[in-house]
Amino acid sequence: MNDYHRYVREGKFEEMWQECDDPWNADKEEYNLSFCSLATALLVEPNVLSFGSGTGRHMEWLKSLHPHWMGSDIIGIELSKTAVAIAHQRYPWQGHCQEDILTYFQRTYDTGGRAGTYLFREVLWYILPDWAEIVRILKAKHKKSLVIVELSFYDEQQYGLEYFNGPDDFIAKWPFSIEKIVREHSTKNQREGRIMVAGRI
């Protein structure tokens, strides 16, 4: 079973990873070979925190492009216990933390070190109510780190428009400096498709 959309709409990520073979087709090699993903791979700096890391496939792909990285140079933060268990089984050398993203930042507010890169890959739509507080913590505690967001938009999209009404609005509201923007659009109005925005805190 691979129709994950119902689980996503209902916020049932644990059930999604239990019932769906490969949500987002993340295990397929071509999933990583977009201009956005390749730009991320070129920009990303060691000591990466990858939020919404799933089963670790993308982390493994990134590490393969940076063979000098140690296992501790990229750590996954993932909400689903099932996804983390699969990641540990497939890639036992990877580091993963099973935790909600905002909870992670709150828990490590005074004790956590500064990562080189904070990577939010196709996860922002699911943490919109927490995004402002995450940004506040990043600005307070993680200055000079790199933030990279990869995000998909859709022509007929209904969800999240009160936060970002399309890719232009997302870029206009980007809360950090901008070092790189990559846009891949599949429709003429330059709305549907993926974007990657990277910037320094």
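Details of the structure are given in the entry above.
Along each chain, numbering runs from 1 in the same order as the chain's sequence is written. Totals for whole chains, interfaces and linings use all residues, but because this is a predicted model, local features are given only for residues with pLDDT of at least 70 and pairs of side-chain atoms are given and counted only at 80 or more. Heavy atoms throughout the structure, all of them, feed into the side-chain values; hydrogens and water do not.

*Asks:* Outline the overall build of the protein, listing residues and values.
*Replies:* Elements are defined by DSSP. Helices are runs of H or I of four residues or more, strands are runs of E of two residues or more, and each kind is numbered from the N terminus. Counting secondary structure elements, the protein contains 8 helices and 7 strands. Relative to a compact globule of 201 residues, whose C-alpha radius of gyration would be 17 Å, the protein shows 16 Å and is just as compact. The classification of residues rests on relative accessible area computed with a 1.4 Å probe and restricted to protein chains. Under 20% of the type maximum is buried, over 50% is exposed, and intermediate values are partly exposed. Burial analysis of the protein (201 residues in total) assigns 51% to the buried set. Contacts are assigned to residue pairs with any non-hydrogen atoms lying within 4.5 Å of each other. Intrachain contacts of the protein at a sequence separation of at least 6 include 66% that bridge at least 24 residues. Surface exposure of the protein reaches about 10,000 Å², of which carbon and sulfur atoms provide 52%. Each radius of gyration is computed over the set of C-alpha atoms, and the globule rule expresses the reference value as 2.2 Å times the number of residues to the power 0.38. For accessible areas, the Shrake-Rupley method is used with a probe of radius 1.4 Å. Any residue's cover is judged against the shown protein chains and nothing else.

*Asks:* Give me the packing of aromatic side chains: which residues, what numbers.
*Replies:* In this analysis, rings of Phe, Tyr and Trp, with Trp reduced to its six-membered ring, are considered paired at centre separations within 6.5 Å, and the interplanar angle assigns stacked below 30 degrees, edge-to-face beyond 60, and tilted for intermediate values. Inspection of every chain in the model, using the stated rule, returns 14 aromatic pairs. Ring geometry for Trp125 versus Phe153: centroids 5.1 Å apart, planes at 85°, classification edge-to-face. Pair noted here: Trp125 is in the loop between strand E4 (117-121) and helix H7 (128-141) and Phe153 is in strand E5 (residues 146-153), with a separation of 28 residues, a long-range link. Overall, Trp125 belongs to the buried group, its relative accessible area being 9%. One aromatic cluster in this structure is built from Phe51, Tyr104, Phe105, Tyr118, Phe120 and Trp131.

*Asks:* Quick one: what's the story with the sheet that holds strand E6 (residues 180-185), residue by residue and with numbers?
*Replies:* Strand pairing in a sheet takes place through backbone hydrogen bonds and is either antiparallel or parallel in direction. The pairing criterion for strands is at least two bridges between them, as found by DSSP. Taken together, 7 strands build an open sheet; the order of strands is E3-E2-E1-E4-E5-E7-E6 and the sheet is mixed. Two strands lie at the open edges of the sheet, namely strand E3 (95-98) and E6, each paired on one side alone. Each adjacent strand pair in this sheet contributes to an overall mean axis angle of 15°, direction not counted. As defined by bridge partners, E4 adjoins E5 across 5 bridges and the pair is classed as parallel. Bridge pairing in E5 links Tyr118 to Val147. Helix-sheet contacts for helix H3 (residues 35-43) involve E4, E5, E6 and strand E7 (193-200), and the interaxial angle to E7 is about 20°. An axis is simply a line fitted to the C-alpha atoms; with a helix, the fit covers only the stretch in contact. Between two such axes, the angle follows the N-to-C directions and lies from 0 to 180 degrees. Sheet contacts for helix H5 (residues 81-90): strand E2 (74-78) and E3; angle to E3, the most-contacted strand, approximately 165°.

*Asks:* Give me the pattern of salt bridges: which residues, what numbers.
*Replies:* For this analysis, a salt bridge means a side-chain nitrogen from Lys or Arg found within 4 Å of a carboxyl oxygen belonging to Asp or Glu. Under the criterion given, the structure shown has 10 salt bridges. For Lys141, the salt bridge is made with Asp110, and the minimal N-O distance between the two is 3.6 Å. Placement of Lys141 in helix H7 and of Asp110 in the loop between helix H6 (101-107) and E4 is noted, with a sequence separation of 31 residues between them. Take Asp110: its relative accessible area is 64%, and that puts it in the exposed class.

*Asks:* Talk me through the pairing of E4; I want residue IDs and the actual numbers.
*Replies:* Moving residue by residue along a regular strand, the side chains alternate between the two faces of the sheet. With 5 of 5 residues buried, E4 is to be regarded as a mostly interior element. In terms of strand pairing, strand E1 (residues 48-51) meets E4 through 4 bridges, oriented parallel. For Leu49, the partnering residue across the bridge sits in E4 and is Tyr118. For the handedness criterion, the β-α-β arrangement of E4, H7 and E5 is classed as right-handed. Crossovers are marked right-handed if the path from the first strand over the helix to the second runs clockwise, as seen with the strands pointing away from the viewer.

As far as function goes, none of this settles anything; it's purely spatial.
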